Amino acid sequence: MSSKWGGTALSHRSYRLASDTDMPKVAGIVNEKLLSDYLNHIFPSTSKPQQPAAAFRKPLTFLDLGDHLDRLLAEGEPAEESKDVDGRLGPPTVVLDHTSGFEGLLLVDDDLLGVIGHSNFSSIRATTCVFKGKWSYEVLISSQGLMQIGWCTLNCRFNQEEGVGDTADSYAYDGNRVRKWNVTTTNYGKSWAAGDIVTCLIDLDEGTISFCLNGQSLGIAFNSIKIGPGLAYFPAISLSFKESVAFNFGSRPLRYPVEGYQPLQDPPSADLLKAQRLLGYIKNVFTTKIDTQEGKLVEKDSAAWELQGETTVLVTLAHIFNHFAPLMCKVYLVEGVLMRFLLSILEGGGSVDEHPLIQQLLDLMWLLMEDYEVNECLKQLMMSLLRAYRFSPIIPDLGFQIHYLRLTTAILRHEKSRKYLLSNVLFDVLRSAVFFYIKTPLQVKEAGLEELIPTTWWPCHFDKEGRDEREAREESPEERLRRRAYERGCQRLKKRIEVVEELQVQILKLLLNNKDKGTGEASRYIFLNKFRKFLQENASNRGNPTVLCPPEYMVCFLHRLIAAVRFYWEESKRKSSGVLGSEEAYVPPQLFYNGKVDYFDLQRLGGLLSHLKKTLKDDLASKANIIIDPSEIQAMSMDDLDEDEENGTVQRPAGATAMGGALARPSWLSSPTLGRANRFLSTAAVSLMSPRRPLGTPERMKVRTLSVEQRTEEDIEGSHGNDGLLQGRPPEESDQPIAEKSLLEIVDGIVMMYNLSVHQQLGKMVVVSDDVHEYAVALKDTEEKIARCPKQREDILEELVKSQKVFTEKLNHLSRRLAWINATIYSKDKMLDIYWLLRVCIRSIEHMDRTGSLFAFTPEFYLNVAMNSYSALKNYFSPSNSMDELPGYEETLTQLAALLAKHFADPRIVGTDIKDSLMQALASYVCYHQSLRAVERIPEEQRVAMMKNLLAPYEQRPWAQTNWILVRLWRGCGFGYRYTRLPHLLKIKPEDANLPSLQKPCPSILLQKHMADLLSRDKEMAASFLNSVLNQLNWAFSEFIGMIQEIQQAAERPERNFVDTRQLKVCATCFDLSVSLLRVLEMTVTLVPEIFLDWTRPSAELLLRRLAQLLNQVLNRVTAERNLFDRVVNLRLPGLESVDHYPILVAVTGILVRILVDCEMQGVARAAAVLLSDPCFQLHSIQHLLGESELLSSFRAAPPSAERKHFSLHTYTDYISPEEQQKVERMLSFLTNESQEAAASAAPTSEEDLCPICYAHPISAVFKPCSHKSCKACINQHLMNNKECFFCKATITGVDDYSKPPAS
């Protein structure tokens, strides 16, 4: 016999006996009567009411079995239905109309059932319409964004603004906004989520449209819709950019059929009946045993059936599969018949190993079906399983998810099936990562979480900054009982989720099996090549969200993969002595430079790979014994040039430019067809791409991509002197075996996965915890208001009680949802996974660092993952899990501190972004007490080197973060610098109390000592560092003043123009920079005052004069009466909250106190002389610090009242100690006396003798060779940055002292 599949005639394997001469041989196995009884038992007739007794029944043999089976299958077969069904118009196979029935830009799957929006608001309808009767179809929601799903007529005209439901003859349900649409809109239904199924129902007899969500009716949405001649309704959808769904018009069994409504596409009734009968015959074979000794048939349990080479049974099954095999290539029958049967086998419970019947059935399929039939059947079966798993509703025991995963595990236990699926289906056709995802229910009630967690709890005590302070206060007995009941409920939920997770890990263990070599290459090596290609697709298309694996899938995939890898890692350790345990895992340096692993042109720490191979080829040869062929370097260079051509629009098909050239990639946001979105629809230029387009352009395929696809076990693991992936071991690397080399590459892929999207998703899910916190604060505030509300104000009390009820209901919902998220994403086990990943990255970077120049080959993402995973552990998993409980946490903190301290200024790292990330990570690291102490624990040599790098001049490098680090090391030691938040911001709740800038001061005396030693010993470095700090302070404060002038002018205009938010942000940033630079100057003056006051140092006098000049400018600008600064501060504009008198004036005061009060007398005298000689000095600016003026200086002992508008340090008694206030008073008294004496002794200077540059000091220097003149301060400051003369631009070769000759 022959059957057709894929349009090509292919011959079936025929097991029918060829001639009568063959019959005795087969029949001789059992006697003829027993064979006849057996065949009649297996193939009972269904049409006859009473079967004849066995004695009168015609004997049935294999020769007659074919005809007998044909008659049985023809019995009761429904008559062929007419193509035109009453009430329906259109082709019998219903799909989306990709030729003319759409508007906008759309991506449509190959089967024309899945669709993704690719423009603002795209619309598409089906090819079939209905005008009479009751009809239904299902929509599988893949993303929960803006969509309108329903029905429309042919008269509806859609555009980019109006879709289904926005025109008169269209009706839609929108679960995103929970509304129904028909020109106008009203509330309707429930909100949907990704993974839900919407059933759309239309009753054209009654004129109603209704919808169901996951099988639950949402009620009638529209009554009295237009019906009559000329009106027919099409299924239709409008969806916004990136949103995706899949339709089921009846090509597969409806998940939630509604009684009385029929699907738009008729089910294959005849084939369905045949398949069910044939499956019944197969079941009969499984439950019947031939007892040849007793000569009778025996009933037995089908679960114990095995194929033992019994010829009678085998030939019987061959006849059945001759009919059954072609049917199993049809998706409706695979899902409706085969999958249901396989699921029923596992319904009895127990482990998958206890149900070998599925393995036996798969053996039969591979034995009795053509290969193409088995392949198609397995593909459709896995697609159906994946679809069923993804779109199953969440119930308390997760029964649906467990059921489908158990069957998936049972199928993948079959070696030949597993390898076929790995090679051709799981990554190429399906989105297999879905199997490892556990979706989060949006509807808590429907998911049964109310039963699982009957008691809810949330934090009830908060400090004034909004932080939870439950640990600081004693819980009430009621709160304790609620919390414990809630925790017990969370534990119950966690145990049920762990069952699902364990099944998912079992699936990955099967895929990572490297011992199943009986049918070719082991599964692990097939998986490894497919996994690398999966990473390439996600790494190379980060700008195209329709291509990427969704982050929520990637998170779960990562955790399951870590569990499976660590299982095999520990297994290899048990089998091989000397192998490292998984706790000590790392990725060896060789993988990064020997070319055995493809990194898809991802950035390396030293730049592009092609550049590194050119510049470091000698190092590769000497250290790793890797010779780079010059022709390969040339080819790589040409490859880089060709990439632009490959990505250009010339290479793309028509209409592909809007897609970014990624049409051939799998559409992860696409619908549950789970295939590839290969059709691009555009109303501007309709382009229908040919189905099953191959990935990439074969003739331009790069060699390294092919090598990944074609790698074998020997290429990876190595043999006979070949190190495989570890070829090119550097001398610094031990020859101790680490683990199986294939596991090392998977670990490398796991690190890449985290960098691609996992970290982003971990941060995104924290929002639920933040919502719980905000609602809990709001509820507590409402309860306090209720307690204070006067009894006679019943109206206010009623509103407050309503608010209390709303907040409580919301918290009940959110706390249960948070329990789910904590169990699936932020549990202790997941935290340990991320911690393990952090340690892997740290150890890998440490090993690579030892290779010297080869460190440049390290991919950037290793450093990114090291920093981000630590950030996730600190910010996302706490407070539900404490970092202190992690094994070896203190040591890991110290290792990470050493990594950041060494590499933030590492010259081998060239990327600007990664340099900035390292600097920001170090800046955040020193903000927290525990991590700062870790920095102090690193070796002294590394600490000193870090401080030296921090003290490098600020020009031509990102100095703001460097300055911030120095400020954090000083905060807590400066004048009035012990605050966490500024005084004027205490009443404002911070957006995030966990920000590094809001941490309690934790200065580092040890690192301050290193800074002091460095600045004291290296005079040149100290001068250049302070000169750069003063330059940046001058720039930052000048920019700030210029901006507040513009802000003030805008605020005073009659039209009241709004100030640009960005301008306000930049203004506040300049102010904050000015304050932090002043604090660094205070730190330097305190630790190393001789830099300014020891005038034997070459630049001391100049630095002191520049410092005095800047301090006077700041004081004059900030303290003048009714000045610009006052007016802008009093506006209290959003974005300028940090701009206030206190931070900047206290910083200036701290510097003045250090040089005028705390130093020795000689230094004080020099500082006072320089300060008073500056023409900008004004004594009343100093008096302003204590709220005094020149006229009221005698009353400075009396502190001002709280209502006084003027700034005064006396007001801030909580921030400034009495000793500090006394020092300010002493400084003011000293400066008052010094200024009076200076004024009395000052002699007038003629204008001709003043410096022509500053007009503040007498001429005291003459330049060589041009003989122009200025004061020493001006020329010295100028020469620090420029060697040209002010006036003639000649190069200055020297400067001599100048004194005016006496008058003749």
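Re the overall build of the chain
Consideration 1: Secondary structure assignment for the chain yields 40 helices and 25 strands.
Consideration 2: Relative to its full complement of 1304 residues, the chain shows a buried share of 54%.
Consideration 3: Contacts spanning at least 24 positions in sequence make up 73% of the contacts within the chain whose residues lie at least 6 apart.
Consideration 4: In the form shown here, the chain has an accessible surface area of approximately 56,700 Å², with 51% of it arising from carbon and sulfur atoms.

Here's the deal with the packing of helix 34 (residues 1100–1119) against helix 37 (residues 1161–1173)
Consideration 1: Their axes nearest at 9 Å, the elements helix 34 and helix 37 cross at an angle of 55°. Put simply, helix 34 runs oblique to helix 37. Of the two elements, helix 34 crosses helix 37, and the hand of that crossing is right-handed. Packed against helix 34, whose contacting residues are Leu1104, Arg1105, Ala1108 and Asn1112, the element helix 37 presents Arg1166, Ala1167, Val1170, Leu1171 and Ser1173 at the interface.
Consideration 2: In terms of residue class, the contact of helix 34 with helix 37 is built from five nonpolar, two polar and two charged.

Thoughts on the packing of aromatic side chains
Consideration 1: The full count for this structure, using the stated rule, is 47 aromatic pairs.
Consideration 2: Pairing Phe286 with Trp305 gives two aromatic rings, centres 4.7 Å apart and planes at 45°, and the pair type is tilted. Of this pair, Phe286 sits in helix 4 (residues 269–287) while Trp305 sits in the loop between strand 21 (296–299) and helix 5 (311–327), and the two are 19 residues apart along the sequence.
Consideration 3: The class for Phe286 is buried, based on a relative accessible area of 1%.
Consideration 4: A relative accessible area of 3% places Trp305 in the buried class.
Consideration 5: Aromatic side chains Tyr599 and Phe861 sit 6.2 Å apart centroid to centroid with 45° between the ring planes, which places their arrangement in the tilted category. Of the two residues, Tyr599 is situated in the loop between helix 15 (590–593) and helix 16 (609–615) and Phe861 in helix 24 (residues 860–875); the sequence distance between them amounts to 262 residues.
Consideration 6: Residue classification places Tyr599 among the buried residues on the basis of a relative accessible area of 2%.
Consideration 7: Counting every residue linked through ring pairs, the aromatic cluster contains Phe427, Phe436, Phe527, Phe531, Phe534 and Phe557.

Points about the sheet that holds strand 24 (residues 1269–1270)
Consideration 1: With antiparallel pairing, the three strands of this open sheet are ordered in space as 24-23-25. Of all the strands in the sheet, the pair left with one neighbour each is strand 24 and strand 25 (1294–1297).

Some remarks on the sheet that holds strand 7 (residues 121–125)
Consideration 1: Strand order across the open sheet formed by seven strands is 4-7-17-10-11-12-13, with antiparallel pairing between neighbours. The sheet terminates laterally at strand 4 (102–103) and strand 13 (184–187), the two strands that pair on one side only.
Consideration 2: The sheet contact formed by strand 11 (residues 170–174) and strand 12 (residues 179–182) spans three bridges and is antiparallel. The residue of strand 12 that forms the bridge with Ala172 is Trp181.

Some remarks on the side chain of Asn1116
Consideration 1: Here Asn1116 lies in helix 34.
Consideration 2: Assessed through its relative accessible area of 18%, Asn1116 is described here as buried.
Consideration 3: Setting aside residues no more than four positions away along its own chain, Asn1116 makes contact with Asn1123, Cys1176, Gln1178 and Ser1181.

Quick word on the pairing of strand 12
Consideration 1: Counted along the chain from strand 11 to the antiparallel partner strand 12, the turn is four residues long, and its residue Val178 has a positive phi close to 55°.
Consideration 2: Pairing analysis gives four bridges linking strand 12 to strand 13, with the strands arranged antiparallel. Bridge pairing links Trp181 to Thr185 in strand 13.
Consideration 3: Remark: one residue form the turn of the hairpin made by strand 12 and strand 13, two consecutive strands paired antiparallel; Val183 in that turn has positive phi of roughly 70°.

Points about the confidence of the model for the chain
Consideration 1: Across the chain, pLDDT averages 82, with 85% of residues at or above 70.
Consideration 2: In this model residues 1190–1204 is a low-confidence stretch, pLDDT under 50, and it forms 15 contacts with partners more than four residues away in sequence or in other chains.

Here we look at the pattern of salt bridges
When their charged atoms lie close together, side chains carrying opposite charge are able to pair.
Consideration 1: A complete count under the given rule lists 39 salt bridges for this structure.
Consideration 2: Through salt bridges with shared partners, a single network forms among Asp849, Lys902, Asp906 and Arg908.

Some details on a positive patch on the surface
Consideration 1: Together, Arg484, Arg488, Arg492 and Arg496 make up a region of like positive charge exposed at the surface.
Consideration 2: Summarising the element assignment, Arg488 is placed in helix 12 (residues 477–511).
Consideration 3: When its relative accessible area of 51% is taken as the criterion, Arg488 is described as exposed.

Remarks on the pairing of strand 23 (residues 1261–1264)
Consideration 1: Where strand 23 meets strand 24, two bridges bridge the pair, whose relative direction is antiparallel. Each residue of the ladder has a partner; that of Val1262, found in strand 24, is Lys1269.
Consideration 2: Alignment of strand 23 against strand 25, held across four bridges, turns out to be antiparallel. Looking across to strand 25, one finds that Lys1264 is bridged to Gly1294.

Re helix 30 (residues 1005–1017)
Consideration 1: Taking 1.5 Å of rise per residue, the 13 residues of helix 30 would be expected to cover 18 Å, and the 18 Å separating its terminal C-alpha atoms lies within 8% of that figure.
Consideration 2: Where helix 30 is buried, its residues contact helix 27 (929–937), helix 28 (940–950), helix 29 (959–970), helix 31 (1019–1052), helix 32 (1061–1087) and helix 33 (1090–1093).

Concerning the packing of helix 23 (residues 828–849) against helix 25 (residues 889–903)
Consideration 1: For the pair helix 23 and helix 25, interaxial distance at closest approach is 11 Å and the crossing angle is 45°. The orientation of helix 23 relative to helix 25 falls into the category oblique. Crossing angle aside, the handedness with which helix 23 passes helix 25 is left-handed. Here helix 23 contributes Tyr835, Leu838, Arg839, Ile842, Ile845, Glu846 and Asp849 to the contact with helix 25, which in turn contributes Tyr889, Thr892, Gln895, Leu896, Leu899, Lys902 and His903.

Let's talk about the environment of Arg711
Consideration 1: Mapped onto the secondary structure, Arg711 falls in the loop between helix 19 (703–710) and helix 20 (713–717).
Consideration 2: Looking at Arg711, the relative accessible area reads 7%, which means it is buried.
Consideration 3: Measuring from C-alpha to C-alpha, the distance between Arg711 and Leu528 comes to 9.4 Å, with 183 residues separating the pair along the chain.
Consideration 4: When sequence neighbours within four positions are dropped, the list of residues in contact with Arg711 reads Glu521, Leu528, Asn529, Lys596, Ile716, Leu725 and Glu745.

Looking at helix 31
Consideration 1: For helix 31, built from 34 residues, the straight-helix expectation of 50 Å at 1.5 Å per residue is met to within 8% by its first-to-last C-alpha distance of 49 Å.
Consideration 2: One side-chain oxygen of the residue at the start of helix 31 lies 3.4 Å from the amide nitrogen of Glu1020, identifying that residue as Asp1018.

Observations regarding the environment of Asp916
Consideration 1: Mapped onto the secondary structure, Asp916 falls in helix 26 (residues 912–925).
Consideration 2: Overall, Asp916 belongs to the partly exposed group, its relative accessible area being 25%.

What to know about the side chain of Gln1221
Consideration 1: With respect to the element layout, Gln1221 can be found in helix 39 (residues 1218–1241).
Consideration 2: Residue contacts for Gln1221: discarding those within four places in its chain leaves Leu1209, His1210, Thr1213 and Ile1216.

Here's the deal with unusual backbone geometry
Consideration 1: Going from Lys1264 to Pro1265, the amide bond is cis rather than trans, its omega being 5°.
Consideration 2: Along the chain, Pro1265 turns up in the loop between strand 23 and strand 24.
Consideration 3: Look at Val183: it is not a glycine, yet its phi comes out positive at around 70°.
Consideration 4: Note on placement: Val183 falls in the loop between strand 12 and strand 13.

Side note on the environment of Gln961
Consideration 1: Here Gln961 lies in helix 29.
Consideration 2: Taking the relative accessible area as the measure of exposure, Gln961 reaches 27% and is therefore partly exposed.
Consideration 3: Note: C-alpha distance between Gln961 and Leu950 (eleven residues apart in sequence) is 9.6 Å.
Consideration 4: Gln961 has contacts with Met919, Gln920 and Ala923, leaving out every residue within four places of it along the chain.

Reading guide: rules and limits
- Counting restarts for each chain: residues are numbered from 1 in the order of the written sequence.
- Confidence filtering applies because this is a predicted model: local features only for residues at pLDDT of at least 70, side-chain atom pairs given and counted only at 80 or more, and all residues used for totals across whole chains, interfaces and linings.
- To obtain the side-chain values, all non-hydrogen atoms of the structure were included, while hydrogens and water were left out.
- By the criteria applied, helices consist of DSSP H or I runs no shorter than four residues and strands consist of E runs no shorter than two, each listed in order from the N terminus.
- A simple rule labels every residue: compare its accessible area, found with a 1.4 Å probe on the protein chains alone, to the largest value its type can have, and call it buried under 20%, exposed over 50%, or partly exposed in between.
- Note on contacts: a residue pair qualifies if any of its non-hydrogen atoms lie within 4.5 Å across the two residues.
- Using a 1.4 Å probe, accessible areas were evaluated by the Shrake-Rupley method; residue-level cover was limited to the displayed protein chains.
- The axes used here are C-alpha line fits, helices contributing only the stretch in contact, and every angle between their N-to-C directions lies in the interval 0 to 180 degrees.
- An angle below 35 degrees is read as roughly parallel, one above 145 as roughly antiparallel, one from 65 to 115 as roughly perpendicular, and any other as oblique.
- Should the near helix be turned anticlockwise from the far one by less than a right angle, the crossing is left-handed, and should it be turned clockwise, the crossing is right-handed.
- Gly counts as polar in this scheme, as do all residues outside two lists: the nonpolar Ala, Val, Leu, Ile, Met, Phe, Trp, Tyr, Cys and Pro, and the charged Asp, Glu, Lys and Arg.
- Only Phe, Tyr and Trp rings take part, Trp by its six-membered ring, and two of them pair if their centres are within 6.5 Å. Stacked means planes under 30 degrees apart, edge-to-face means over 60, and tilted covers everything else.
- Strand pairing follows a simple DSSP-based rule, namely that at least 2 bridges must link the two strands.
- Confidence of the prediction at every residue is given by pLDDT, a number between 0 and 100.
- Only one rule defines a salt bridge in this text: a Lys or Arg side-chain nitrogen within 4 Å of an Asp or Glu carboxyl oxygen.
- The patches described consist of residues with a relative accessible area above 30% and no salt bridge, like charges being joined within 9 Å and nonpolar side chains (Val, Leu, Ile, Met, Phe, Trp, Tyr) within 5 Å.
- Lys and Arg are tallied as positive, Asp and Glu as negative. Neither His nor the chain termini are counted.
- By convention, charge coordinates are those of NZ in Lys, CZ in Arg, CG in Asp, or CD in Glu.
- To estimate how far a helix should extend, the number of its residues minus one is multiplied by 1.5 Å.
- Two N or O atoms form a polar contact when they lie within 3.5 Å of each other; inside protein one atom must be a possible hydrogen donor and the other a possible acceptor, and for residues adjacent in sequence the pair counts only when both atoms belong to side chains.

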